[in-house]
There are 2 protein chains.
Amino acid sequence: MKSHQITIIDIAKALGISKSTVSRALTGNPNIKSETMEAVIEMAKKLDYQRNLHAISLITRKSNTIGIIVPEFLSSYFPKVVIGAQAAATAAGYNVIISQSNETYATEVANTQVMLANQVDGIIVSMTKETLNYDHFKIFQRKGIPIVFFNRVCDEMAVPKVMVDDYDGAFKAVEHLLSTGKRRIAHLAGPNSLSMSVRRLNGYLDALKKNNIPIDEDLIIPYDLTIGKVKIYVNHLLQLKHPPDAIFAINDPTAIETILVIKKIGLRIPQDIAIVGFSNDYISSIIEPSLTTLSQPVEKIGETAITLLLDQMNRNVSDWKAVTKVLKTDLVIRNSTVASLL
Amino acid sequence: MKSHQITIIDIAKALGISKSTVSRALTGNPNIKSETMEAVIEMAKKLDYQRNLHAISLITRKSNTIGIIVPEFLSSYFPKVVIGAQAAATAAGYNVIISQSNETYATEVANTQVMLANQVDGIIVSMTKETLNYDHFKIFQRKGIPIVFFNRVCDEMAVPKVMVDDYDGAFKAVEHLLSTGKRRIAHLAGPNSLSMSVRRLNGYLDALKKNNIPIDEDLIIPYDLTIGKVKIYVNHLLQLKHPPDAIFAINDPTAIETILVIKKIGLRIPQDIAIVGFSNDYISSIIEPSLTTLSQPVEKIGETAITLLLDQMNRNVSDWKAVTKVLKTDLVIRNSTVASLL
DNA sequence: CTGTTAGCGCGTTCAA
DNA sequence: TTGAACGCGCTAACAG
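Residues numbered from 1 in each chain as written. Chains lettered and ligands numbered in written order. Predicted model: local features only at pLDDT ≥ 70, side-chain atom pairs only at ≥ 80, totals over all residues. Heavy atoms only, no water.

## Considering the sheet that holds strand 7 (residues 220-222) of chain A
Residue and element names in this part refer to chain A. Worth spelling out the cut-off: Note: two strands are recorded as paired if DSSP finds a minimum of 2 bridges between them. Numbering of helices and strands runs from the N terminus; a helix is a DSSP stretch of H or I covering at least four residues, while a strand is a stretch of E covering at least two. Geometry is summarised by axes, namely lines fitted to C-alpha atoms with helices restricted to the contacting stretch, and by angles between N-to-C directions that run from 0 to 180 degrees. The contact criterion used is simple: two residues touch if any of their non-hydrogen atoms lie within 4.5 Å.
The sheet built from 4 strands is open, its strands ordered 7-6-8-9 with parallel pairing. The open sheet has two edge strands with one neighbour each: strand 7 and strand 9 (274-276). Within this sheet the neighbouring strands show an average axis-to-axis angle of 15 degrees, counted without direction. Note: strand 6 (residues 185-189) against strand 7, 3 bridges, orientation parallel. Its bridge partner lying in strand 7, Ala 189 is registered against Pro 222. Here helix 8 (residues 166-179) sits on the sheet and contacts strand 6, strand 8 (246-249) and strand 9; the angle it forms with strand 8, its principal contact strand, is near 165 degrees. Relative to strand 9, helix 11 (residues 252-265) is tilted by about 160 degrees, and along the sheet it contacts strand 6, strand 8 and strand 9.

## Some points on the pattern of salt bridges
Under the convention used in this document: Between Lys or Arg on one side and Asp or Glu on the other, a salt bridge is scored when a side-chain nitrogen of the former is within 4 Å of a carboxyl oxygen of the latter. We call a residue buried when its accessible area falls under 20% of the maximum for its residue type, exposed when it is over 50%, and partly exposed in between, using a 1.4 Å probe and counting protein chains only.
Following the criterion strictly, the structure yields 34 salt bridges over all chains and no others. Asp165(B) is the salt-bridge partner of Lys328(B), the closest N and O atoms lying 3.0 Å from each other. Residue Lys328(B) is located in the loop between strand 11 (324-327) and strand 12 (330-332), and its partner Asp165(B) is located in the loop between strand 5 (161-164) and helix 8 (166-179); the two are separated by 163 residues in the primary sequence. On the basis of relative accessibility, which here comes to 18%, the residue Asp165(B) falls in the buried class. Bridged by salt links that share partners, the residues Asp165(A), Asp168(A), Lys172(A) and Lys328(A) form one connected network.

## As for the relation of the copies chain A and chain B
Superposing the two chain copies requires a rotation about an axis and a translation along that axis. Our working rule: The copies are overlaid by a least-squares fit using only the C-alpha atoms of residues whose pLDDT is at least 70 in both copies.
You can overlay chain A on chain B at an RMSD of 0.1 Å; the transform is a turn of 180 degrees with a shift of 0.0 Å along its axis. Between the two chains, the operation in question is that of a two-fold axis. Considering only C-alpha atoms, the residue of chain A closest to the rotation axis is His54(A), which sits at 2.2 Å.

## A closer look at a nonpolar patch on the surface
The test is simple: Residues with no salt bridge and a relative accessible area higher than 30% make up the patches, which join like charges within 9 Å and nonpolar side chains (Val, Leu, Ile, Met, Phe, Trp, Tyr) within 5 Å. Throughout, the Shrake-Rupley method with a 1.4 Å probe supplies accessible areas, and for residues the shown protein chains are the sole cover considered.
A cluster of nonpolar side chains, contributed by Leu58(A), Ile59(A), Leu58(B) and Ile59(B), occupies part of the molecular surface with about 400 Å² of accessible area. Secondary structure elements with two or more residues in the nonpolar patch: helix 4 (53-60) of chain A together with helix 4 (53-60) of chain B. When you line up the elements, Ile59(B) lands in helix 4.

The quantities given are spatial measurements derived from coordinates; they are silent on function.
Here it is in structure tokens:
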């Protein structure tokens, strides 16, 4: 069971030199004869030598590892962010450990503990929809380990954040619906625990106000993002005395489900009711009618989060900056709001 | 920059006892007074103490970590496998580090090095479509670190593997098409580097043979899974002198793209041409017409891979078993082969 | 350019 | 039941 690990000592013995020389050769120390350097490297390769990162971390107090915590892996959104983040981290010479929280607070807490135990040099995080207590994140601050939030950020912590302009995106979505002649626009909103939901709601409200459309509280339904419930809310909306002629959904999965429900009922999209989503998931261009939505620069979000993190890691704790990067969304107009497109 | 880490010594000092006692208390050693035990645990919590896994790994020569390497994160397939695997690993008390290879051989090699440097206790792997050389995996065997393949397995290594019954799935797909009256069934196949492709191809061929349908080489097109190329192949097939009346695609993304291309051309699905995919991605039930495909027990695959891995980890190297688990697929019949299904 | 020494944080002997 | 001492593999001083 316990395999023999090849160590620096093995190389040193095989070559008849000291361990420190081997260590120097392996770390690219300049004060070393090029012959010995080559000999060491060759022997290392021959013996399948692998530096033991645990030993190195123990000394340097750095693990050369960045942690990524995402709330879920089921939508295409977070995997793409992870890809962007991983690329940026790798380019900077860092390893990455990823964990997903299953949209569960307890799992998220456990994940942060894994990160701490692994002595990560920093983490980027998007929270679960359940997360209301942030103590498990504050530990990182206290320990001097930088933390950067993206997408689902923690408002009460003064740390770097990467977000898209949710307010602006929602605003654009609603103005687009108004421009197609819709007037009773409902909003399937997200939970208030996510500040993102609140920003999108505000964009929705302000777009209506700016255009002198009265706000009807009956048309605003916050829900917990459990897809199975969409059907209930859509049916409810359609049975109102004055039903909506458009629905702006908090995200694409919600919008897709809305489309499916409405199609089953037999209403025409967009003539009877138009739909707009948020995020431009892969499926949104394929469903019929294709979904009008706001596209996000997904990989760029991951990349930016890592960039901010690396910046923090290179500073003293006393010198940390809590910048917030806000990336723009693009309105992608498709058939769920404009039938005549192609 | 260098943050002060809370160590056992800090706890020992604060309590005025020895480090070894603290260590024992923290590891649940029975030879310890319950009072001191409690005192230590309380102080540890108070000081936000986190055990340094690097130090522990250095001593125990175990990292308590399992590595997962997947070829990509873009389809919904691998994220789901990862979820299953992670759950099983966590349940067994292991941490997990995930990396994705971007379908690139070089990245995959780099990922294995990260795993080795992190001293993982074992890994589960699904290879990239490019991988033809397996030296980077064989290192694990030589070092006595168990490795388990899933889905995209390495035929030339005698290690545990988890697969679905690709042959049987393909066979069922083709027999289903035949049962709907189709006779010229094309196959958009995968690259030969993936043994999975070969097994699906064989299932396709044998189903035709069994039913005395002549095999037409023109109808079999292997490709490298680059979705952008599907359009070319589908157009090519449709322009044959005797075009196919059905297409069995190697996987769902290929099948989806095929549907989109055919719809654009204006042919009717399934009347003019029927389509079958493989894997039952989320999108397959939503596209119109919905896609007939083979569903895989995705999370079960990840879970099974971890189970096999844990089993290997508990054995001596000399006692390793190279079992192969084959999980069954289910044919999910939808409108892309049977129009009348509501 | 190279060898020697100390010690990173912790688990684990061996004594007491 | 506790304490002291050793060493996991490696890097970073300090001497040559």
